[in-house]
Amino acid sequence: MDHKIIKINKYFSIHPFVILIFAVAKVTHNFVQVALLYFVVGVHELFHFIACIFLNVKIRDFTVMPFGLTIRTKKNFIRKPEQEIIIAIAGPIANVLMILIAIIMKAYCLLDTDNMTFFITANIAIIFINIVPALPLDGGRVLKSVLILGLGTVRAFQLMEKITKVAVFMLFMLGIYVFYITGFNFSIILIASFLISNLFSERKNNHLTLMKEIVYCKEKLSREGICKAKQLVVQYDIPAQKLLKYFSYNYFALITVIDSKMNIMGTLTEVQVIEGLGHFDSQVAIGKIIEWYC
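All of these numbers come straight from a predicted model, not from anything done at the bench.

Cut-offs used in this document
- Residues numbered from 1 in each chain as written.
- Predicted model: local features only at pLDDT ≥ 70, side-chain atom pairs only at ≥ 80, totals over all residues.
- Heavy atoms only, no water.
- Helix = DSSP H or I, 4+ residues; strand = E, 2+ residues; numbered from the N terminus.
- Buried < 20%, exposed > 50% of the residue type's maximum accessible area, 1.4 Å probe, protein only.
- Polar contact = N/O pair within 3.5 Å; in protein donor to acceptor, adjacent residues only side chain to side chain.
- Patch = residues over 30% accessible without salt bridge, like charges linked within 9 Å, V, L, I, M, F, W, Y side chains within 5 Å.
- Areas by Shrake-Rupley, 256 points an atom, 1.4 Å probe, with all protein chains shown as cover.
- Salt bridge = Lys/Arg side-chain N within 4 Å of Asp/Glu carboxyl O.
- Phe/Tyr/Trp six-rings, centres within 6.5 Å; stacked < 30°, edge-to-face > 60°.
- Lys NZ or Arg CZ within 6 Å of the ring centre and 35° of its normal.
- Pairing = 2+ DSSP bridges.
- Axes fitted to C-alpha atoms, helices over the stretch in contact; angles between N-to-C directions.
- Contact = heavy atoms within 4.5 Å.

1. Here we look at the side chain of T256
Right, so step 1: In this structure, T256 sits in strand β6 (residues 252-258).
Right, so step 2: T256 gets classed as buried once you look at its relative accessible area, which sits at 10%.
Right, so step 3: Of the polar contacts made by the side chain of T256, one reaches the side chain of Q231; its length is 2.5 Å.

This is the structure we're talking about:
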């Protein structure tokens, strides 16, 4: 896909299909509506960008795609779920503000009322699309961050993958229904198709993120010298690999191991669990790792 993108400069690119969209819009006398739609999406993404700057999240580049403008951060994930929630909701907030401004302008007839009606409708549509709990939409990003805070990274990613599949299927069915009753509107089907194609790349990125965070788990504490901790209590005969799904990039796990009589054998850090798995095999019991360290 990247080889089709036209790079304007280091930070800005455009998909050639966007040029075709505007050309067709010009010929079919829909240029104003298409321009307004891209403007709405652009402001939506601008608020994401402002939130990134405010939270000191570095941006890699901007790309104008057929479905709108996308912003990529330098890292393929945001380490603090609280920050990702703020960045995600910044876009829909922009749409709400634009709706309020448009209603005021329409009331005072400051601009063409038909275009203002389309402008309001476009904002409402983008809000409803973005609150769908599917990645990489804003609703999906918020839900993923909430799940990470409650369940940890691995389980949150696994659950979000399932939720995204269900959400995309329902959106696709809605698209077929809308196409059936309108006879021509297939926009929702296109959005669902994009989400389906994105699901595979999102799964790959999630797996790479998890692998990287597990390998570099020592850096979590050394980056700032302080990190949130999560206490886990496990029985000595539990396979150590089962603990991996409870690890997360936004906190440091401390594992207390107990024996069959519910006595505490000792405490391991997640770093020690990873090192123990590397020293033994994937099926090693957590009790054997703590004996190895003792």
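Next comes the rest of the description.
2. Digging into a nonpolar patch on the surface
Right, so step 1: A contiguous nonpolar surface patch, about 490 Å² in accessible area, is contributed by I89, I93, V96, L97, L100 and I103.
Right, so step 2: Topologically, L97 is positioned in helix α3 (residues 81-107).

3. Details of the packing of aromatic side chains
Right, so step 1: This model, assessed by the stated rule, comprises four aromatic pairs.
Right, so step 2: Ring centres of F22 and Y38 lie 5.2 Å apart, and the angle between their planes is 45 degrees; this geometry places the pair in the tilted category. Remark: Y38 occurs in helix α2 (residues 31-54) and F22 occurs in helix α1 (residues 16-27); sequence separation between them is 16 residues.
Right, so step 3: Y38 gets classed as buried once you look at its relative accessible area, which sits at 16%.
Right, so step 4: Grouping aromatic residues by their ring pairs yields a cluster made of F22, F31 and Y38.
Right, so step 5: Of note, K26 hangs over the ring of F31, and the distance from its end group to the ring centre comes to 5.7 Å.

4. With respect to the sheet that holds strand β5 (residues 229-235)
Right, so step 1: Taken in spatial order, the three strands make up an open sheet running β5-β6-β7, and their pairing is mixed. At either margin of the open sheet sits one strand with a lone partner, and together these are β5 and β7 (264-269). Taking each pair of neighbouring strands and ignoring which way they run, the sheet shows an average axis angle of 20 degrees.
Right, so step 2: Relative to β6, β5 runs parallel, the two being bridged by seven bridges. Bridging across to β6, V233 finds its partner in T256.
Right, so step 3: Along the sheet face, helix α9 (residues 270-279) touches β6 and β7 and points at about 90 degrees away from the line of β7.

5. Quick look at unusual backbone geometry
Right, so step 1: Of note, N56 is a non-glycine position whose phi angle comes to about 65 degrees, a positive value.
Right, so step 2: Look at M262: it is not a glycine, yet its phi comes out positive at around 65 degrees.
Right, so step 3: Its location among the elements puts M262 in the loop between β6 and β7.

The values reported here are purely geometric and, on their own, carry no functional implication.
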